[in-house]
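# Inside the fold
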Amino acid sequence: MPIGEFRRHGYAVIDQLADYFEGIEDYPVLSQVEPNWLKMNLPQSAPESGEDFGAILHDVDKLIMPAVTHWNHPNFHGLFATSTSSVGVFGEMFAAAFDMKAMLWRTSPASTELEDVVLDWLRQMMDLPEHFEGIIYDTASVSTMHAIAAARERANLKIRDLGMSGRDDVPLVRVYASEHVHSSIDKCVITLGLGLRSLRKIECNERFEMIAERLADAIDEDIAAGYLPICVIPTIGTTSTSSVDPVDAIADICEKYGIWLHVDAAYAGSTAIVPEMRHYFTGREENPVATAPGSDMKGWERADSIVVNPHKWLFTPFDLSVLYCKDLNELKVAFSLVAEYLKTSDEKTVKNGMDYGVQLGRRFRALKLWFVIRYFGREGLIARLREHCRLAGLFASWVEESDNSELLAPVPFALVCFRMAPAGIADLNALNEKIMNDINASGDAYLSHTKLNGKYTLRLSVGSIRVEERHLKKVWDILNERLKSEII
Ligand code: PLP
């Protein structure tokens, strides 16, 4: 593309994106197209000769846009509401333009060094001890898979060299997490060849938090049976309810048995930058910085690894997940492999990203996080997360005050679990499922659900950078209107 054309189309793209952000509320939150609509409207094969970019841009509006579900819409409250910031989009544009593959330091000094700097900024903002060093992957699923692989390597089974198949000297390896753990952990044990039977799920209390005593019992029982516990994964901010597992008590157990402690803070981790939220992570009210392993550490400071997703709740475009490790070298032990064509004279003095995981080339993801942190500043980020938590608390108070609804879980962060529960309705599960499906189909808002103690539970997540109190009021009004039309 000649540079003049690039400039002209580039301005048009920015105009189109600016219109998109400006008019975001005019779109239905969930795409209204039927399955296969887009496929049916696209040619069956690629164009023989090149097309004008203007025509391509036109088709983004005509064909792609109707099939977009608008995660940026302020009434996207399903799953975890995550949105990009405009400044994060600029980060992606530069990264795409540079197109660096950060495998070796020399193939991408900027990516390698900016990643170190920006992850250390984030570490300081979250008040994590200095010994934590981070590495960026695409998703929490992949961050956690790397953590479990490193834990397995530490267990000295020589899996890296010998594998697991065909060996009768490898006991059943166990990974522990609560019954509310994210399904990505199940997928991690599948991917790593441990198998689903290696994942033991521990019972939760009535607040949906892992019961530490049950974990200790399970480990004792497994050791007695000849199994090998390698990793425990408590969650701070579980997916169904955002509950917080008792990380400090779990860390005591891991320490006693020498088990790797991996904390899944993929959703809620960003809120560790908010001083009044930090107790969910450290377990203490006032929070002196713990500086060295073994000093005065509590809660997640005692972990071997922690995953935090800025792409979930720090306004950074998908994807960017951070794995912090107490000793990043353990990842290197599990994964480093330097082929002849990748050998460099500086490998002893520099960090080569390829050494820390399965990928060779790595995207320049740190750039967008750098843009986001610099543009908003620590204060700006804190203010936004604080506001999301306030809004979720406000919505929860409406739920609690109404005779027609009930709260079904505590609200530590910005996720409200509730259901509409008017008197005299026999099947509340069917009622809530119907209300949710109707709202989602209307395009006015998007809610998702979970099941808690057999109850069909609506989940309202507050996380969009564009969300305001009026958006929550809108959902509350719609819910009550739908309820009225169902019970009349
Ligand atoms: N862990 C928790 C607690 C989550 O809520 C999620 C996704 O919502 C994940 C892990 C997986 O995240 P990712 O999509 O980055 O793999």
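Please read all numbers here as calculations on a predicted model, not as lab measurements.

### A short note on the side chain of Thr84
Position of Thr84 relative to the elements: it lies in the loop between helix H3 (53-64) and helix H4 (86-98). For Thr84, a relative accessible area of 11% gives the class buried. With sequence-adjacent residues up to four places away left out, Thr84 is seen in contact with Phe21, Asn72, Val89, Phe315, Pro317, Ile465 and Arg466.

### Focus: unusual backbone geometry
Looking along the chain, the bond that leaves Phe318 and enters Asp319 is cis, with omega of 10°. The residue Asp127 is not glycine, and still its phi comes out positive at about 65°. Structurally, Asp127 is set in the loop between helix H5 (109-125) and strand E1 (133-137). For Phe208, which is not glycine, the phi torsion reads 70° and is therefore positive. Mapping Phe208 onto the fold places it in the loop between strand E3 (199-202) and helix H9 (212-224). Residue classification places Phe208 among the buried residues on the basis of a relative accessible area of 5%.

### As for the sheet that holds strand E11 (residues 455-461)
The strand order across the open sheet built from four strands is E8-E9-E11-E10, with neighbouring strands paired in antiparallel fashion. Of all strands in the sheet, those bounded by a partner on one side alone are strand E8 (405-407) and strand E10 (448-452). Strand-to-strand, the axes of this sheet are offset by a mean angle of 40°, without reference to chain direction. Sheet topology note: the E10/E11 ladder contains five bridges and is antiparallel. Bridged to His449 within E11 is Leu458. With respect to the sheet, helix H16 (residues 469-487) is in contact with E8, strand E9 (415-420) and E11, its orientation differing from that of E9 by roughly 20°.

### Thoughts on the site of the ligand
Taken together, the neighbourhood of the ligand is formed by 14 residues, with Ala140, Ser141, Thr239, Asp264 and Asn309 sitting nearest. Taking Asp264, its side chain carries an N or O atom lying 2.7 Å from a nitrogen atom of the ligand. Take His311: an N or O atom from its side chain is 3.3 Å from an oxygen atom of the ligand. Mapped onto the shell around the ligand, the elements with two or more residues apiece are helix H6 (140-154) and helix H12 (310-313). Split into classes, the residues belonging to the shell around the ligand amount to three nonpolar, nine polar and two charged.

### Quick notes on H9
Look at H9: 19 Å from first C-alpha to last across 13 residues, which is about the 18 Å you get at 1.5 Å a residue. Of the residues making up H9, those classed as buried are Ala212, Leu215, Ala216, Ala218, Ile219 and Asp222. Down the axis of H9, the smallest arc covering the buried residues is 160°, so these residues share one side. Those residues of H9 that are exposed and angled more than 90 degrees off the buried face are Glu213 and Ala224. Its buried side turned inward, H9 meets strand E2 (173-178), E3, strand E4 (228-233) and helix H10 (247-257). Phi turns positive, to about 90°, at Gly226, one or two residues after H9.

### A closer look at the nonpolar core
One finds Trp300, Phe395 and Leu479 to be the most contacted residues of the largest nonpolar core, which totals 97 residues. Counting residues per element, this core draws most heavily on helix H14 (residues 366-401), which supplies 17 residues. Listed in part, the 35 residues of the second largest apolar core include Tyr137, Met145, Ala151 and Val170.

### Here we look at the pattern of salt bridges
This model, assessed by the stated rule, comprises 37 salt bridges. The residue Arg362 makes a salt bridge to Glu115 at a minimum N-O spacing of 3.1 Å. Residue Arg362 is located in the loop between helix H13 (329-335) and H14, and its partner Glu115 is located in helix H5; the two are separated by 247 residues in the primary sequence. Each of the two residues, Arg362 as well as Glu115, counts as buried. The residue Asp169 makes a salt bridge to Arg167 at a minimum N-O spacing of 3.0 Å. Residues participating in the shared-partner salt-bridge network are Glu92, Asp319, Arg363, Arg365 and Lys368.

### Some points on the state of the cysteines
Scanning the model with the defined rule gives zero disulfides in all. The structure places no disulfide on Cys188, whose sulfur is separated from the nearest cysteine sulfur, that of Cys231, by 9.4 Å. For Cys188, a relative accessible area of 3% puts it in the buried group.

### As for the packing of aromatic side chains
One pass over the full model with this rule turns up 18 aromatic pairs. Taken together, a centroid distance of 4.9 Å and an interplanar angle of 55° make the contact between Tyr280 and Phe413 tilted. Residue Tyr280 is located in helix H11 (residues 279-282), and its partner Phe413 is located in the loop between E8 and E9; the two are separated by 133 residues in the primary sequence. What makes Tyr280 partly exposed here is its relative accessible area of 24%. On the basis of relative accessible area, Phe413 is assigned to the buried category, the value being 1%. Seen in terms of ring centroids, Trp370 and Phe371 are 6.1 Å apart; in terms of plane orientation they differ by 45°. Their pairing is tilted. For Trp370, a relative accessible area of 24% corresponds to the partly exposed category. Put simply, the rings of Phe80, Tyr267, Tyr280, Phe281, Trp300, Trp313 and Phe413 pair up and form one aromatic cluster. Above the face of the Tyr356 ring, Lys351 is positioned so that its terminal group lies 5.6 Å from the ring centre. Positioned above the aromatic ring of Phe80, the side-chain terminus of Arg459 is 5.1 Å from the ring centre.

### Topic: the environment of Thr107
Within the secondary structure layout, Thr107 lies in the loop between H4 and H5. Of the residues examined, Thr107 reaches a relative accessible area of 32% and is grouped as partly exposed. It is 9.2 Å that separates the C-alpha atoms of Thr107 and Asn352, two residues lying 245 residues apart in sequence. Excluding residues that lie within four positions of it along the chain, Thr107 makes contacts with Met100, Lys101 and Ala102.

Cut-offs and rules
Residues numbered from 1 in each chain as written. Predicted model: local features only at pLDDT ≥ 70, side-chain atom pairs only at ≥ 80, totals over all residues. Heavy atoms only, no water. Helix = DSSP H or I, 4+ residues; strand = E, 2+ residues; numbered from the N terminus. Buried < 20%, exposed > 50% of the residue type's maximum accessible area, 1.4 Å probe, protein only. Contact = heavy atoms within 4.5 Å. Pairing = 2+ DSSP bridges. Axes fitted to C-alpha atoms, helices over the stretch in contact; angles between N-to-C directions. Near = heavy atom within 4 Å. Polar contact = N/O pair within 3.5 Å; in protein donor to acceptor, adjacent residues only side chain to side chain. Nonpolar A, V, L, I, M, F, W, Y, C, P; charged D, E, K, R; others polar. Expected span 1.5 Å × (residues − 1). Arc of directions from axis to C-beta. Core = buried A, V, L, I, M, F, W, Y, C linked by side-chain atoms within 4.5 Å. Salt bridge = Lys/Arg side-chain N within 4 Å of Asp/Glu carboxyl O. Disulfide = S-S within 2.5 Å. Phe/Tyr/Trp six-rings, centres within 6.5 Å; stacked < 30°, edge-to-face > 60°. Lys NZ or Arg CZ within 6 Å of the ring centre and 35° of its normal.

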